[in-house]
Each structure stands twice: as C-alpha cells, then as structure tokens.
Amino acid sequence: MESSNFVTAGRAPGEDWRCGGRLLVDLAALADNWRATARLAGRAEASAVVKGDAYGIGIEAAATALAAAGCRTFFVALPSEGLRLRPLLPEAPIYVLNGLPPGAAADLAEAGLQPVLGSAEEVDEWATYRAAGGTGAAALHVDTGMQRLGVTIEEAAAIAPSAKALGLSLVMSHLAAADQPDHPLNAAQLARFRSVASAFAGLPASLSNSAGLHLGEDFLFDLVRPGIALYGARSTAAAPPLATVVTAEARIVQVRDVAAATAVGYGASEHVRRASRIAILGAGYADGYHRRAGSADDRPGASVHLHGRRAPLVGRISMDLIAVDVTDIPEVRRGDHAELFGPHIAIDEVAERAETIGYELLTGLGRRYERHYRGGA
Ligand SMILES: *Cc1c(COP(=O)(O)O)cnc(C)c1O
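Residues numbered from 1 in each chain as written. Predicted model: local features only at pLDDT ≥ 70, side-chain atom pairs only at ≥ 80, totals over all residues. Heavy atoms only, no water.

Novice: How do you make sense of the nonpolar core when you look at a structure like this?
Specialist: Judged by nonpolar contacts, the single largest core of 112 residues is most densely connected at Leu30, Val50, Phe74, Leu168, Phe200 and Leu340. When residues of this core are sorted by domain, at least three fall in each of domain 1 (27–231) and domain 2 (246–374). Beyond its immediate chain neighbours, meaning those up to four positions away, Phe74 contacts Ala48, Val50, Ala63, Leu66, Ala67, Leu85, Leu89, Ala92, Pro93, Ile94 and Tyr95. In terms of nonpolar packing, the next biggest core, distinct from the first, is built from seven residues, Val264, Val272, Ile280 and Val314 among them. (Core = buried A, V, L, I, M, F, W, Y, C linked by side-chain atoms within 4.5 Å. Buried < 20%, exposed > 50% of the residue type's maximum accessible area, 1.4 Å probe, protein only. Domains from an automatic or database assignment. Contact = heavy atoms within 4.5 Å.)

Structure (structure tokens):
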C-alpha cells in the first residue's frame, strides 16, 4: 500500500491546475486482481469484462495491462467498445455482450468481433449471414432465469444441432443473484445451465461473473467472466479484499471557518454543531460523486481521507464542490488533496452511503479528472 496514494500536500510536480481532482489508475493492481480471479477459476479460463470503458478506468489501458498479465478473452457490451480493442489485441477473441444489432452481422464479423447472440431473432439473422457464406464466429447466450438476454432453454435445444453451422465458439448464461450465495436462484440457474452445456457438448461453456467465482467449483465451467473484481470493488460479501485500482482525489479549493449552528450548502440541510473549519473540495456530482452520499442534520454522509484522518461530508454535494469538516485536522491547507475513495476509503463504502454500488460509481467517474496511469507494461 506504500505510496499507492498521491502526495497529499501542496501542488504536486506536474499537477494539472486546470482540473479539480485527479484519478490514479493502478494497472499493476488490475493485473494482480486478474491473477487472483484466474487462481480462483482453477482450470477454467479467466477472461476479462471490459465493458463501460473498463468500468470507467479506460478500456485501452486496462485491456493492454490485462493482456500482458495473460488474459486472452475479452467481453465488451457494445461493438464500439470492441472496435477500440481490436487494434490493440489482434489475436484475442472479443465478445459483444449486447448481441447482434439489426443488419450488422457482416460488419461485426468483418471487424473481428463476436456477437453474443441473445434472442431467437438474432440467431436467425446470424444463420442467414452464415448460410450466405459468412465465416464469423459467435457466442450463444441462454437465459437460465434472469429474463434479460438469452434464448430460452427450449430454443437452445433446437439450436444445438446447428452449433457448427452457426460458427458458435461459446455457450453462456448469466447469474442474476450470484452476490447472494444463499439465493435459491443460483442452484436453479446452475441446474438449467448444466443441461444446456451438455446439449452443446464440445463447446466451451461459461456461467460466472465475479460473484459467481465464490459460489463453488460447480459454477466455473470452462470460462469465467469477471468484471468488477478486476477493478477492485466488491462483487459479494464472500469476496476477499482486492487490490485498490482506482484512487480518486479532489483538491481543496479553500478552507473556511463556520460558526456553531450555521448551515452549510444548498438547502441549508446540515448545521455544524460547533465552531468548525470546513474544507471545500473541487469535485462534485458532475465528477460522479453521487449527490446521495451527501450529509444532512438527520443523515450522515460519506467521508473523505486527508492527512491520515477521515473527514465527514457536511451538507449537500454540489455539481462541482463538496464540503467536509476538517476541524480536527488543523494542518489542512488550500491546495491539499482529499481522497474521495481509494486505499483509505473503500469505493464500496462511498457507494453504500450513496445507496448504490461500486459499479455505478466507477462507470460514472466522468471526464474532468486529471488521469494518471501507473504500473502498465
Ligand atoms: C457485466 C457482466 C459480467 C461481469 O460482471 P461482474 O459482476 O462485473 O463481474 C459478466 N457477464 C455478463 C453477461 C455481464 O453482463
């Protein structure tokens, strides 16, 4: 954890004065987390899910680091994401989870991307493309109980004899409640997927996301699809602690004295109880720091970390500013940086305060931070 944070005092050399905050993305930690999932996967292949701009950290940097660590198979949500990856990873299979856009079979295949066919309509369209001589490969998504994407089990049974003609390279399903190990849906989905996988004997099968890795060996099949675990956020309470990949910091714009019983911020929703020193940070909900993580007289908010201490938020979060109570941290100065989340404040803690999940915080980070990558190849 040594120096996994930025220097937190004054203006760092080369610091970008044009930005209100900075993001440190630790690609070595990303690679470590991938290796940890690969160990959990045992004999199954560990792929990487890099949709959503690699959960906000930057798909090019993330995929390059993951490939260097040994990852061979990648999943994106959209063709546009796959197109960004393709030139960086000339050999890797890249699957497009959101499936086949209408009329796109030849273009997608030409781009070297594999759609994850998720409805009978998509399968039909792909079959037409293949029958006309198309040579692209595809995965088949079978719905085993989530009702989001995937052909039905009955449809899958009818498709199975055409697996070769369709150029199928993978059969997969997705767990709806893997973060709740005791949820009966897990066992039900497992049983259904087993029957699907046996109907597609000889084809690699994949069921588990990050949380599924902790449900037991039965859930691993041939390939696992971890996403969130790679980026250092929690998929399930059962997951072991992960290396911190993303550290978000905001610079202190000013420090001010506020008299006891005075309200701070929009809506005057919180009053300081004592005479206080309030630091105003230069990041806000426009930077993806959810407004819901703010504080009010009747509801505590999230905390930030600076000078080795935690400082609680005071009042509502603005678009570009956050107020924190630094009364007990006298060394705080204008220009210092406060950690919003990172090695000292878990992203999941902020997410919990904001009544959301780490996934949403990461993918919503926005474009205003000064971004630094380290630990890359
Ligand atoms: C997003 C996604 C994953 C990765 O899920 P995590 O919970 O982030 O590990 C795996 N498979 C599918 C189909 C997905 O949509």
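Novice: Just checking my understanding: could you explain the side chain of Ser210 for this structure?
Specialist: Inspection of the secondary structure puts Ser210 in the loop between strand S9 (205–206) and strand S10 (223–224). In this structure the side chain of Ser210 is engaged in a polar contact, spanning 3.1 Å, whose partner is the backbone nitrogen of Gly227. In this structure the side chain of Ser210 is engaged in a polar contact, spanning 3.5 Å, whose partner is the backbone nitrogen of Ile228. (Helix = DSSP H or I, 4+ residues; strand = E, 2+ residues; numbered from the N terminus. Polar contact = N/O pair within 3.5 Å; in protein donor to acceptor, adjacent residues only side chain to side chain.)

Novice: Got a minute to help me understand the site of the ligand in this structure?
Specialist: Of all residues adjacent to the ligand, which total 14 residues, the nearest are Lys51, Tyr55, Ser210, Ile228 and Tyr359. Taking Arg148, its side chain carries an N or O atom lying 3.4 Å from an oxygen atom of the ligand. Placement of the ligand is best described as lying within the largest pocket. Each residue belonging to the shell around the ligand can be placed in one class, and the counts come to seven nonpolar, four polar and three charged. (Near = heavy atom within 4 Å. 1 Å grid on protein atoms, 1.4 Å probe; cavity = no way out; pocket = protein on both sides within 12 Å on 5 of 7 lines; lining within 4 Å. Sits in = over half its atoms within 2 Å of the grid points. Nonpolar A, V, L, I, M, F, W, Y, C, P; charged D, E, K, R; others polar.)

Novice: Sorry, what's going on with helix H1 (residues 27–41) here?
Specialist: Each full turn of the α-helix corresponds to 3.6 residues, which orients residues three or four apart in the same direction. Over its 15 residues, H1 extends 21 Å from the first C-alpha to the last, a length consistent with the 21 Å expected when each residue adds 1.5 Å. Of all the positions in H1, only Leu27, Ala29, Leu30, Ala31, Asn33, Trp34, Thr37 and Ala41 are classed as buried. Looking at the buried residues of H1, the elements they touch are strand S1 (21–26), strand S2 (45–46), helix H3 (59–69), S10 and strand S19 (370–374). In this structure Asp26 caps H1, since a side-chain oxygen of it lies 3.1 Å from the backbone nitrogen of Ala28. With its phi angle positive at about 60 degrees, Gly42 sits one or two positions after the end of H1. (Expected span 1.5 Å × (residues − 1).)

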